[in-house]
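Survey of secondary and tertiary structure
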Amino acid sequence: MAEINQIERLCFYVNGKRVTDYVDPETMLLSYLREKLRMTGTKYGCGGGGCGACTVMLSRYEPNNKTIVHYSVNACLLPVCQLQGAAVTTVEGIGNTKTRIHPVQERIAKAHGSQCGFCTPGMVMSMYTLLRNKPQPTMEDITEALGGNLCRCTGYRPIVDGCKTFCQESNCCQANGNGSCCMNGNSQPKNCEDDLPQLFDKADMLPLDPSQELIFPPELIVMAETETQKSQTFRGERITWVSPVSLEELVQLKSCHPQAPLVMGNTNIGPDIKFKGVLHPVIISPTRVKELFEVTQTPQGVWVGAGSTLSAVRALLARLVGELPLEQTEVYRALLQQLGNLGGQQIRNVASLGGNIVSAYPNSDLNPVLAAGNCKLEVLSKEGKEEIPLNKDFFVGFGKTALKPNAIVLSVFIPVSRKGEFVRALRQAPRKENALATVTTGMRVVFPEGSRLVQDLSLYYGGVGPCTVSATKTCSAVIGRPWNEETLEEAYAVLLDELTLPPSTPGGKVEFRMSLTLSLLFKFYLLILQALREMGVTTEVLSQEMSSGIQPLPHQLQPSLQEFQAVAGGQEGQDLVGRPIMHRSAISQATGEAVYCDDMPKRDGELFLVLVTSTRAHAKIIDLDVSQALQFPGVVDVITCRDIPGKKVRPFCGYEEELLAEKEVQYMGITSICTLRNKRCQTACAPQVSCVGQIVCAVVADTKPHAKRSAATVKIVYEDLPDPLFTVEEAMEKLSFFKPQRVIERGHVTEAFAAADQVHEGEIQIGGQEHFYMETQSMLVVPTGEERELDVYISCQHPSYTQEAIAETLCIPSNRVSCHVKRIGGAFGGKLTKTTVLACITSLAAWKLGRPVRCILERGEDMLITGARHPVLGTYKVGFMKDGRIEAADLHYYVNSGNTVDESVLIIEKILLHMDNAYKIPNLRGRAVACRTNLPSNTAFRGFGVPQSMLVVECMINDVAAKLGRTAEEIREMNMYKGVSMTHYKFEFDPENLWRCWDECKVKSDYDARRKSITGFNKQNRWKKRGLSLIPIKYGIAFAESFLNQAAALVHIYKDGSVLVSHGGTEMGQGIHTKMQQVASRELHIPISLIHITETNTSTVPNTCPSAASYGTDANGMAVKDACQILYQRLEPLIKKNPEGTWKSWVTSAFFEKISLSATGFYKGHDGYMDWEKQEGEPYSYYTYGVCCCEAEVDCLTGDYRTVRTDIVVDIGRSVNPSVDIGQIEGAFIQGLGLYTMEELKFSPSGVLYTRGPSQYKIPAVCDIPLKFNIYLLAGSDNSHAIYSSKGIGEPILFLGSSVFFAIKDAVASARAEVGMKGPFTLNSPATPERACLACATPFTQRIPTSQPGSFKPWALDI
Ligand SMILES: Cc1cc2nc3c(=O)[nH]c(=O)nc-3n(C[C@H](O)[C@H](O)[C@H](O)COP(=O)(O)OP(=O)(O)OC[C@H]3O[C@@H](n4cnc5c(N)ncnc54)[C@H](O)[C@@H]3O)c2cc1C
Ligand code: FES
Ligand code: FES
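What counts and what doesn't
- Residues numbered from 1 in each chain as written.
- Chains lettered and ligands numbered in written order.
- Predicted model: local features only at pLDDT ≥ 70, side-chain atom pairs only at ≥ 80, totals over all residues.
- Heavy atoms only, no water.
- Disulfide = S-S within 2.5 Å.
- Buried < 20%, exposed > 50% of the residue type's maximum accessible area, 1.4 Å probe, protein only.
- Pairing = 2+ DSSP bridges.
- Helix = DSSP H or I, 4+ residues; strand = E, 2+ residues; numbered from the N terminus.
- Axes fitted to C-alpha atoms, helices over the stretch in contact; angles between N-to-C directions.
- Contact = heavy atoms within 4.5 Å.
- Near = heavy atom within 4 Å.
- Polar contact = N/O pair within 3.5 Å; in protein donor to acceptor, adjacent residues only side chain to side chain.
- Areas by Shrake-Rupley, 256 points an atom, 1.4 Å probe, with all protein chains shown as cover.
- Core = buried A, V, L, I, M, F, W, Y, C linked by side-chain atoms within 4.5 Å.
- Salt bridge = Lys/Arg side-chain N within 4 Å of Asp/Glu carboxyl O.
- pLDDT = per-residue confidence, 0-100.
- Phe/Tyr/Trp six-rings, centres within 6.5 Å; stacked < 30°, edge-to-face > 60°.
- Lys NZ or Arg CZ within 6 Å of the ring centre and 35° of its normal.

On to the state of the cysteines. A full pass over the atoms with the stated rule returns 0 disulfides. Considering cysteine sulfurs only, Cys697 is the nearest to Cys641, which forms no disulfide, with 11 Å between them. A relative accessible area of 1% places Cys641 in the buried class. The thiol sulfur of Cys1189 is not disulfide-bonded, and the nearest other cysteine sulfur, from Cys1001, lies at 5.4 Å. Under the relative-accessibility criterion, Cys1189 is labelled buried at 0%.

Pasting the structure below:
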């Protein structure tokens, strides 16, 4: 049997259809669905199990208990070879627009839970699977089911609200909490949904009818019941996959192939193969060996089959906890605690217990508990069976255990606990859910009956070494002593010594991790004290102050409000402007029918392009050898700079950025770029790379795997150049700046400092931010074969610029290049310039080879190559009076641009133009420089520098408040613009609506009362602190570059009355097409059902401007309006002639009367300017205002926090579509919350980006939304500068995410005050748990020795 010979055909079902195939074992279900079956509803977001975009439902028949089980899985990690006998359900299988959509699809769409839509099929499938198992779920079920799915657009609230409609308790407004309606009890019904306009109508939704679901294929039941299972072998190009069915066979196979992994859930092996390039020539997959799944209960404990999935283990333990006496279930409960937080549900549904143990991750959550809980393994090999204790000797290194290579873990014994034995699991992770822990623990203590003397103690830690470690010496120091503070005090000293981490430890966060080892032990101490008291062993009562150390952070989501104004009573029913209309593609996004770039069918002869990038930050390329790559099967060509017939560089802000590095390139731009570098490179004409990730060349092959493998063989010989610069400090020291630098000043700053009562200086480092659009950079370029024409299907925000760039690269006129943008799966500024560079390279390949070429970046490549939001170092000096008035401020911004300028100069300008935020500072100076470093070039990101700019001024205000012992809100209020005012660039405006937002926000959030109650809470709780913040924003709308404030549209009316609208904006989730449909409907006086918005296409509407700067609706809306008005004017005489006619009849008459039914519309927008010499201008058309009140609770022992409540009041004029606008507000806020509190880009000391996927880079997930999240659109606001009196809203609210930062900072300030640390302190952004915890200055953080900077090489750079 151990011989690997026969090759098998696989049989499974997809959406009720039988599939039989010979498959390559390297194929995962995701690529099989998308490429082989052409079912593109299931999306690629990361390929590593971290985002949930690829979620599908898997169903299997279990013959033993004759049941069918359904579970959600990540298709990207599921090997097709494991599908024998399984039924796969994808988003296409549950409903579609041609037959019937499924209620889940409908409700997520109608609740406005789909913006760009790229995450939506995954969300739908997670929810669908939940409903298959539980048709009336609880809120907890829903948040758990969605915990493994990321969305970058919506902020999750609308998705949860859509799903909540399936809960039984949600059939009311729940305004009283606990599922109770506002009509119950005494509360005022003012918030009841009957009173206010609602974003969606639940009555308008299909009921869930479980009898309508796809049935499990009877053939698979028959197969499972009758067919004898036999082993299967699958062979591919590089791998042989064997799936045995008997234990005997498995043992034989493992002894013949000891190096072959046993692939169960593939959640460890899969990512290793994908991301680390590990190749296993033989894989053994024993998922059908039934002995690996057996469960045997004994009085001593339970033997759990090592193949059991983590979800199965969880269900088993939950059952046992319900059945057994409490005292026996200590280990089980601790494991349950960990299993609730481990990965997302899709991971737990496939990852196995044995796999988790044997993978021996340093931060495995189970191993510390299993080890502390005295668990053991039953291990089988050719030599026989043995039992191995799972203890400190089992884990021998990173990913290594004491198991022999040919050994198989058969089962795991988890003992019952006895009286006097306590086991607890504690962990701290960068995100509350679906994140590997920073430190995780399993702790066990045993007391003799009725005593507090420690009889036995085990302390196991994960995350503080290369593997799970035991704090043995600490345990010895405690055993035999009473469980009290004195004993613990000594234990901390031993522990610190025992688990000390050198300052360069991989993973970084050294001080934090060390302090967590202590503070988690302290938590354990408190938990056990509490347990001893409950058992009557001690009488000490834990004070509220102390017990705050073990009380969980609040986590129950509460109903939220979205308040907006109903349209005026007289507005026609079919006029939808001002009404909450669903995103026009939401349903097709939810059914998987919406077509994104990579969903387009493969073209005849199509090739795939993979980029080869630099692995050095600053080096000359001595040799580029592509000979081996060219030999690779399927490879067609390697594209280098030499192939470019036209412009080899892209000009940005006066500099030239090369498309591809190459030997012969003359670095003409260098002289102008950097004088310093010029000195060093007097003879610089050799090729250079200036960051890791710079594109060197591109491999084009018949398939993606071929292109990828071939690209890995391209040999580049580098000669390192000295002194790469990474941080802004380094750039400042070497004067490595892009020009121009900008300065702006009003008043007399120096004199005002002299006259101020106090002067204070401070600084803040603001980290960058990865766009993490769910759809990675994607494009397909198709040469049409005639007259050098190219069709470019691309996911980009600026198709005209892309068209122009491609034409210049290929030295052809723009009229030969047609750029098509149907929809974008999220962009946020990241699909402007960088996409264009990629498009030039892909078009070059297509043009050279005369064949269609597709380029879809993998998540890791995308994160490495395409840059991020600029990290900024902000310094400030502020002069203020005793009463809090700020008289002078001098702000400096050092922006880390990376290796090319991109849009950095424009960004520093926007930074300076927004540095006042909402404050009138009579003497204000700002300087900003774009630092050139050897990191990948940074680029535009929602807010375009404003989020960094305003954080600095708000920190400055916080410091003034701290200096004066006042609240920051008082200082803000005192210094806000009042009455008609002039900005520092001499732009006059009226801040009335800013004040209205401020006042309304204070009232709606009950600010004053909550401030008082927080003070009380903080007095009573030593280890939990609450903080409150109130943050305003004044955000300028329109491009400061006047020529970009224009738009055009083309509207056709066809003879059947249907209308086709094209405009220059791109649809990236922000709902622009929906709004354009509303505009056209109002102007033509027809229902929106007659209007279709076609793709954005440079052949239809030329010379478009980027969809950016929150100006898309303002500009394109006016252009569409213009075109529609022209057409309506043409029709008006016919309408007057025949007022009883119909739309169709008037259109038909117009045709016969030879009246043109097609018109272009144009809008010449704001004539803005900014004169930097004179330091004055009108760069913006108007301001959007908003104010946010936010409350957060911080666990001072771990830095963990929860946003308890957020209230945002926003002035967006008269909203064209409240649901779309509220979606932008909530989505931007959550993205801001990510920027300021969790998202961290980490680079190695040699400039290599570590954070290249959702496993390392954490964006907010459903667990991060504020527990109460209220949005209010300011009533009665008009804006004469934009369409229908609306205002731009895409970007502004991102900055209000900083209210969470300031609420955390406020809470931390309370913690510091408790240990006598008063006054201003620095908290850099993001305020991660690490930073918040260290800033709290607890006795635990204070114990950690700090290493002198410069005395060691840190694991990661502080950029
Ligand atoms: C997105 C994501 C999030 C995650 N989050 C967490 C987390 O928060 N906490 C945490 O602890 N873990 C986390 N993990 C890790 C996950 O729990 C483990 O990868 C998983 O448990 C491994 O099980 P598997 O069945 O998938 O292993 P596989 O990948 O199938 O195999 C892993 C290894 O185990 C060996 N192996 C498997 N079964 C046996 C056996 N019976 N006998 C001998 N060897 C065996 C294999 O040979 C292989 O070397 C996460 C993983 C992912 C992808
Ligand atoms: S693509 Fe599968 S989880 Fe991200
Ligand atoms: S709608 Fe969720 S990622 Fe865009």
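Spatially, the 4 strands line up as an open sheet ordered S43-S42-S41-S45, and their pairing is mixed. Across the chains shown, the open sheet's two edge strands, defined by having one partner strand only, are strand S43 (1091-1093) and strand S45 (1158-1164). In this sheet, neighbouring strand axes are inclined to one another by 20° on average, regardless of whether the strands run parallel or antiparallel. Against the sheet, helix H34 (residues 1072-1084) touches strand S42 (1059-1063) and S43, its axis set at about 145° to S43. Sheet strands in contact with helix H35 (residues 1112-1137) are strand S41 (1046-1053), S42 and S45, and its direction is about 140° off that of S45.

With that out of the way, let us pick up the site of ligand 1. Around ligand 1 sit 31 residues, and of these Met264, Gly265, Thr267, Ser352 and Asp365 come closest. With respect to ligand 1, the backbone of Gly265 contributes an N or O atom lying 2.8 Å from an oxygen atom. Here an oxygen atom of ligand 1 and a backbone polar atom of Asn268 are 2.9 Å apart. Coverage of ligand 1 by the protein chains reaches 94% of its 980 Å² of free accessible surface. When residues of the shell around ligand 1 are traced back to their parent elements, those giving at least two are helix H13 (353-359) and strand S15 (408-415). In terms of residues, the shell around ligand 1 owes the most to one element, H13, which gives 5 residues.

Along the chain, Thr90 falls in the loop between strand S5 (87-89) and helix H2 (91-94). Here Thr90 falls in the buried class, since its relative accessible area comes to 0%. Only 2.6 Å separates the side chain of Thr90 from the side chain of Glu92, close enough to count as a polar contact. When neighbours within four sequence positions are excluded, Thr90 is seen to be in contact with Val14, Asn15, Leu33, Met39, Thr42, Val56 and Met125.

Ranked by internal contacts, the top residues of the largest apolar core, which has 264 residues, are Ile1208 and Phe1229. In this view, Ile1208 contacts Val1187, Cys1188, Ile1225, Phe1229, Phe1269, Asn1270, Ile1271, Tyr1272, Ile1293 and Leu1296; residues no more than four positions away in its chain are not counted. Counting residues in each nonpolar core, the second largest holds 72 residues, with Val14, Leu316, Ala334 and Leu403 among its members.

Attention shifts here to unusual backbone geometry. The omega angle of the peptide bond from Lys739 to Pro740 is 0°, so this bond is cis rather than trans. For Pro740, the location among the structural elements is in strand S29 (residues 737-746). Cis rather than trans, the peptide bond between Ser1325 and Pro1326 has omega equal to 5°. The residue Pro1326 is located in the loop between helix H38 (1298-1314) and helix H39 (1329-1336) in this model. Its identity as a non-glycine residue notwithstanding, Ala1038 has a phi of 110°, on the positive side. When you line up the elements, Ala1038 lands in the loop between strand S40 (1024-1037) and S41. A positive phi angle, close to 55°, is found at Ser1110, a residue other than glycine. As for its position among the elements, Ser1110 is in the loop between strand S44 (1096-1097) and H35. Look at Ser1110 and you get buried, because its relative accessible area is 13%.

Let's shift gears to the sheet that holds strand S49 (residues 1201-1211). Taken together, 5 strands build an open sheet; the order of strands is S20-S50-S49-S48-S40 and the sheet is mixed. Each edge of the open sheet is held by one strand with a lone partner, namely strand S20 (562-563) and S40. Sheet topology places S20 next to strand S50 (residues 1268-1273); 2 bridges connect them, and they run parallel. Paired with Gln562 across the strands is Ile1271, a residue of S50.

Per the stated rule, a full pass over the model turns up 76 salt bridges. Between Glu387 and Lys376 there is a salt bridge whose closest N-O contact spans 3.2 Å. Of this pair, Glu387 sits in strand S12 (residues 384-389) while Lys376 sits in strand S11 (residues 376-381), and the two are 11 residues apart along the sequence. Relative accessible area serves as the criterion here: at 46%, Glu387 is assigned to the partly exposed category. Residue classification places Lys376 among the partly exposed residues on the basis of a relative accessible area of 27%. Where Arg972 meets Glu954, a salt bridge forms, and the shortest distance between an N and an O atom there is 2.5 Å. Here Arg972, found in helix H31 (residues 968-975), pairs with Glu954, found in helix H30 (residues 946-964); they are 18 residues apart in sequence, far enough to count as distant. In terms of burial, Arg972 and Glu954 fall into one category: buried.

Confidence along the protein averages 94 in pLDDT terms, with 96% of residues attaining 70 or more. Contacts from residues 170-193, a stretch scored under 50 in pLDDT, to residues over four places away or in other chains number 37 contacts. Long-range and interchain partners of residues 663-684, a stretch whose pLDDT sits below 50, account for 38 contacts in this model, where long-range means more than four residues apart.

Here the focus is the environment of Gly384. For Gly384, the position within the fold is in strand S12. Overall, Gly384 belongs to the partly exposed group, its relative accessible area being 26%.

To continue, consider the packing of aromatic side chains. Under the defined criterion, the tally for this structure stands at 28 aromatic pairs. Taken together, a centroid distance of 5.8 Å and an interplanar angle of 45° make the contact between Trp483 and Tyr525 tilted. With Trp483 in the loop between helix H15 (472-478) and helix H16 (485-498) and Tyr525 in helix H17 (residues 510-534), the pair connects residues that are 42 residues apart, well separated along the chain. Residue Tyr525 is classed as buried on the basis of its relative accessible area, which comes to 3%. A centroid spacing of 5.4 Å and a plane angle of 45° characterise the contact between Phe1229 and Phe1269, whose relative ring orientation is tilted. Remark: Phe1269 occurs in strand S50 and Phe1229 occurs in helix H37 (residues 1218-1237); sequence separation between them is 40 residues. Pair check on accessibility: Phe1229 and Phe1269 agree, each one buried. The cationic tip of Arg1022 hangs over the ring face of Trp1023; the distance from NZ or CZ to the ring centre is 4.3 Å. The lysine or arginine in question, Lys1055, covers the ring of Phe1151, its NZ or CZ lying 4.5 Å from the ring centre.

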